[in-house]
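Commentary on secondary and tertiary structure
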Amino acid sequence: MEKEQYIEFESEQQEEKKEKVTENIQQLGQTNVPQMTQDTNIHCLTIVGQIEGHIQLPPQNKATKYEHVIPQIVAIEQNPSIEGLLVILNTVGGDVEAGLAIAEMLASLSKPTVSIVLGGGHSIGVPIAVSCNYSFITETATMTIHPIRLTGLVIGVPQTFEYLDKMQERVVRFVTKHSKISEEKFKELMFSKGNLTRDIGTNVVGPDAVRYGLIDEVGGVAQAMKKLRELIEWKKDEGKMLQ
Amino acid sequence: MILYTIMPEHLIFPAASDEYAKQKIVYYDGIPFLARETETKEWEIVRNLSTNPADFLNQKYAPGARISMPQATS
């Protein structure tokens with residue numbers, strides 16, 4: 001008797017499942033394809049929109065929040081099944097402190113990292129792009145290099161200038177340390193006139209960014225994934241040699 | 001009136017405070033999402049914040065999908 005009940009229960013379940021599928025087809029005109037269940041060893045972090053720091057942006061803005069990205073980087077560092085990280089940038093920049101915080105976190109990650117700039121990696125997106133072990137930029141992507149600006153009320157002018165200058169120095173030092181560009185060249189691009197509308201700075205397009213030594217290579221997702229796999233293999237071999 | 005300024009728009013025209021409450025970061029099936037409360041008191045996915053690319057292949061987690069009873073955080 002018990003067995004009969006069990007069979008009945010099972011067939012009921014199957015029917016329910018069937019109903020769900022038909023429901024899905026009726027509602028959306030599609031059914032779910034079976035998904036990959038295995039864990040991928042490469043994770044991808046997308047830095048999109050504005051980089052949000054101390055001030056919360058209104059919800060209509062697309063923003064990358066640093067209080068959310070930083071714990072994710074910590075989780076990636078801790079998870080042993082994740083072997084590499086691909087950072088995808090399409091950002092207009094934003095908060096300097098938040099951007100530098102993300103860049104420092106990525107630079108200090110022990111796992112191989114590869115960044116790829118799609119569309120734009122402007123302003124504070126530049127240190128984030130160079131913070132990875134290897135960086136790519138697509139042919140049409142651009143990066144705007146400009147001095148640090150302040151939007152808001154300024155009270156003590158000399159003090160504010162000094163503060164901004166120090167902050168800018170941090171950005172310059174980070175970028176020159178993590179990429180092949182010289183400080184002189186980076187500053188030249190930062191302060192050049194006539195490139196941006198009513199502002200100083202330079203808009204660097206993909207191949208130019210590579211020529212200046214800011215980015216390692218022009219390429220897309222295929223090249224980036226290939227490089228990341230190479231770096232992962234290299235890291236594994238290095239571990240073996242040490243043992 | 002045309003206003004020329006270098007100030008960001010959100011500093012000049014601040015959004016109403018209840019606008020902020022509509023969106024929240026929630027964890028659903030262990031995956032972080034940016035979700036929005038709809039008029040019908042359901043939660044709708046705005047953005048998938050996961051770093052695992054496999055999570056983006058699932059139709060269930062696509063933007064616009066409804067999720068039930070999220071564990072609200074932040």
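Here the structure is shown first, and the text comes after it.
My aim in this report is to walk through the structure given alongside it, one point at a time. (Residues numbered from 1 in each chain as written. Chains lettered and ligands numbered in written order. Predicted model: local features only at pLDDT ≥ 70, side-chain atom pairs only at ≥ 80, totals over all residues. Heavy atoms only, no water.)

Here we take up the interface of chain A and chain B. Interface size is commonly expressed as the accessible surface area that is lost when the partners come together. If you look at the interface, chain A gives 25 residues, while chain B gives 20 residues. With both chains or domains summed, chain A and chain B bury close to 2000 Å², and 58% of this area falls on carbon and sulfur atoms. Our count for the contact surface shared by chain A and chain B stands at 0 salt bridges. Of all the secondary-structure elements, those providing two or more residues to the side of chain A that touches chain B are β1 (42-52), β2 (63-65) and α2 (66-78) of chain A. Per-element tally for the side of chain A that touches chain B: the top contributor is β1(A), with 5 residues. Residues belonging to the side of chain A that touches chain B are distributed by class as follows: 10 nonpolar, 12 polar and 3 charged. (Contact = heavy atoms within 4.5 Å. Buried area = accessible area lost by both parts, 1.4 Å probe. Salt bridge = Lys/Arg side-chain N within 4 Å of Asp/Glu carboxyl O. Helix = DSSP H or I, 4+ residues; strand = E, 2+ residues; numbered from the N terminus. Nonpolar A, V, L, I, M, F, W, Y, C, P; charged D, E, K, R; others polar.)

What follows is about the pattern of salt bridges. Throughout the structure, instances matching the rule amount to 14 salt bridges over all chains. Note that A:Lys180 and A:Asp216 form a salt bridge whose closest N and O atoms lie 3.1 Å from each other. On the criterion of sequence distance, the pair formed by A:Lys180 in the loop between α5 (157-178) and α6 (183-191) and A:Asp216 in the loop between α7 (206-211) and β8 (217-218) is long-range, its members being 36 residues apart. By relative accessible area, A:Lys180 is classed as exposed at 64%. Across the salt bridge formed by A:Lys185 and A:Glu188, the nearest N and O atoms sit 3.5 Å from each other. Here A:Glu188 and A:Lys185 lie together in helix α6, a separation of 3 residues that amounts to about one turn. Taking relative accessible area as the criterion, A:Lys185 reaches 26% and is therefore assigned partly exposed. Salt bridges sharing common partners tie together B:Arg36, B:Glu42, B:Glu44 and B:Arg66. (Buried < 20%, exposed > 50% of the residue type's maximum accessible area, 1.4 Å probe, protein only.)

Bringing the pairing of β1(A) into the picture now. All names here are of chain A. Along β1, 8 of the 11 residues are buried, which leaves the element largely enclosed by surrounding structure. Of the pairings in the sheet, the one linking β1 to β2 comprises 3 bridges and is parallel in character. Within β2, the residue paired with Gln 50 across the bridge is Ala 63. (Pairing = 2+ DSSP bridges.)

What follows covers the state of the cysteines. Here a disulfide denotes a covalent bond joining the sulfur atom of one cysteine to the sulfur atom of another. For the structure shown, the criterion picks out 0 disulfides over all chains. Looking at A:Cys44, it has no disulfide partner, and the nearest cysteine sulfur is the one in A:Cys132, 12 Å off. (Disulfide = S-S within 2.5 Å.)

Residue and element names in this part refer to chain A. Relative to the elements of secondary structure, Gly 94 occurs in strand β3 (residues 84-94). Separated by 44 residues in the primary sequence, Gly 94 and Gln 50 place their C-alpha atoms 5.3 Å from one another. With residues up to four places along the chain from it excluded, the contact list for Gly 94 reads Ile 51 and Ile 124.

As a further point, take the nonpolar core. Residues and elements named next belong to chain A. Core analysis: the biggest nonpolar cluster contains 43 residues, and Leu 106, Met 143, Phe 186 and Leu 214 have the highest contact counts within it. Elements that contribute at least two residues to this core include exactly β1, α2, β3, α3 (96-107), α4 (125-130), β6 (142-145), α5 and α6. With sequence-adjacent residues up to four places away left out, Leu 106 is seen in contact with Leu 45, Ile 73, Leu 85, Val 87, Thr 113, Ile 128, Ser 131 and Cys 132. Counting residues in each nonpolar core, the second largest holds 12 residues, with Leu 86, Ile 88, Ile 116 and Leu 228 among its members. (Core = buried A, V, L, I, M, F, W, Y, C linked by side-chain atoms within 4.5 Å.)

On to the environment of A:Leu196. Residues and elements named next belong to chain A. Relative to the helices and strands, Leu 196 resides in the loop between α6 and β7 (202-205). Between the alpha carbons of Leu 196 and Val 210 there is a distance of 20 Å; along the sequence they are 14 residues apart. With near-sequence residues (within four places) excluded, Leu 196 lies in contact with Thr 144, Gly 201, Thr 202 and Asn 203.

Okay, α3(A) next. Under the 1.5 Å per step criterion, the end-to-end length of α3(A) is 16 Å for 12 residues, consistent within 8% with the ideal 16 Å. In this structure A:Asp95 caps α3(A), since a side-chain oxygen of it lies 3.0 Å from the backbone nitrogen of A:Glu97. (Expected span 1.5 Å × (residues − 1). Polar contact = N/O pair within 3.5 Å; in protein donor to acceptor, adjacent residues only side chain to side chain.)

Our next topic: the packing of aromatic side chains. Each aromatic ring pair is specified by the distance between its two centres and by the angle formed by the two planes. Applying the stated criterion to the full structure yields 4 aromatic pairs over all chains. Summarising the aromatic geometry, the rings of B:Tyr28 and B:Phe33 are spaced 6.4 Å apart at their centres and angled 55° between planes, so their arrangement reads as tilted. Pair check on accessibility: B:Tyr28 and B:Phe33 agree, each one buried. Judged by centre distance (5.5 Å) and plane angle (40°), the rings of B:Phe33 and B:Tyr61 are tilted. Of this pair, B:Phe33 sits in strand β2 (residues 31-37) while B:Tyr61 is found in the loop between β3 (43-48) and β4 (66-67), placing the two residues 28 residues apart along the sequence. A network of ring pairs unites the aromatic residues B:Tyr28, B:Phe33 and B:Tyr61 as a single cluster. Lying across the ring of A:Tyr212, A:Arg211 places its NZ or CZ 5.3 Å from the centre. Sitting above the plane of the A:Tyr134 ring, A:Lys227 keeps its charged end 4.3 Å from the centroid. (Phe/Tyr/Trp six-rings, centres within 6.5 Å; stacked < 30°, edge-to-face > 60°. Lys NZ or Arg CZ within 6 Å of the ring centre and 35° of its normal.)

Shape is all these values report; function is a separate question.
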